[in-house]
Amino acid sequence: MTIALLLSFLVSFLPSSTMGSLTNEHIEILSYAYIRAVDERISPQKFILLLNCESGLNKKAVGDKGKANGIAQFWKGTYDVFAKQYGLAGSYKNPYSQINLAANMIGDNLASHWYRCGIKSGFIKK
């Protein structure tokens with residue numbers, strides 16, 4: 001996917017405040033998230049909305065009183081258990097590793113691990 005196509009895709013649904021703050025690194029990460037969503041047969045739009053809801057697309061985001069970290073806001077224990085289950089290598093705080101794991105989990109209907117943002121992004125019907 002070219003950068004122009006990705007930006008056109010993102011402009012169609014991300015808030016303008018988010019679009020205005022995207023860096024080249026964000027574009028690379030979002031391009032990867034798009035590809036992983038397609039690979040897992042999940043909606044790239046919903047997946048990117050979920051990541052934006054969870055972390056504001058900040059790979060260093062910290063939430064849940066310091067327990068959740070990264071772009072997909074994994075707790076370390078959750079990340080470790082599911083990474084092992086899926087046979088994934090990679091660092092807990094690496095955004096690409098988190099995207100891989102989140103895409104796998106959502107592809108297996110485990111979006112409930114991101115309940116609030118799963119609803120907001122459309123993966124979970126309320």
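So, a few notes on the structure that sits alongside this text. (Residues numbered from 1 in each chain as written. Predicted model: local features only at pLDDT ≥ 70, side-chain atom pairs only at ≥ 80, totals over all residues. Heavy atoms only, no water.)

Counting its secondary structure elements, the protein chain contains seven helices and three strands. The C-alpha radius of gyration computed for the protein chain amounts to 13 Å, which stays within 12% of the reference 14 Å derived for 126 residues, consistent with globular compactness. In terms of overall dimensions, the protein chain has C-alpha extents of about 35 × 30 × 30 Å along its principal axes. Looking at the protein chain as a whole, 44% of its 126 residues are labelled buried. The long-range fraction of contacts in the protein chain, counting pairs at least 24 apart against all pairs at least 6 apart in sequence, stands at 51%. (Helix = DSSP H or I, 4+ residues; strand = E, 2+ residues; numbered from the N terminus. Rg over C-alpha atoms; globule rule 2.2 N^0.38 Å. Buried < 20%, exposed > 50% of the residue type's maximum accessible area, 1.4 Å probe, protein only. Contact = heavy atoms within 4.5 Å.)

Pairing between side chains of opposite charge can happen when their charged atoms approach one another. Applying the stated rule across the entire model yields four salt bridges. We note a salt bridge from K59 to E25, for which the minimum N-O separation is 2.5 Å. Separated by 34 residues along the polypeptide, K59 in the loop between helix 4 (44–55) and strand 1 (62–63) and E25 in helix 3 (residues 24–39) bring together distant segments of the chain. By relative accessible area, K59 is classed as partly exposed at 27%. (Salt bridge = Lys/Arg side-chain N within 4 Å of Asp/Glu carboxyl O.)

Another point: the state of the cysteines. The final tally for this structure, using the stated rule, is one disulfide. Covalent S-S linkage joins C53 and C117, the inter-sulfur distance amounting to 2.0 Å. Here the S-S torsion is close to -70 degrees, and the disulfide linking C53 with C117 is therefore left-handed. Taken together, the residues C53 in helix 4 and C117 in helix 7 (residues 115–121) connect sequence positions 64 residues apart. (Disulfide = S-S within 2.5 Å.)

Moving on, we get to the packing of helix 3 against helix 4. In a packed pair of helices, the relevant descriptors are the angle between the two axes and the axis-to-axis distance. Look at helix 3 against helix 4: their axes get within 8 Å of each other, and the N-to-C directions meet at 130 degrees. With respect to helix 4, the element helix 3 is oriented oblique. The two elements helix 3 and helix 4 cross, and the hand of that crossing is right-handed. From helix 3, L30, A33, Y34, A37 and V38 reach across to helix 4, where they touch P44, F47, I48 and L51. Counted by class, the contact of helix 3 with helix 4 contains nine nonpolar, no polar and no charged residues. (Axes fitted to C-alpha atoms, helices over the stretch in contact; angles between N-to-C directions. Parallel < 35°, antiparallel > 145°, perpendicular 65-115°, else oblique. Left-handed = near helix turned anticlockwise from the far one by under 90°. Nonpolar A, V, L, I, M, F, W, Y, C, P; charged D, E, K, R; others polar.)

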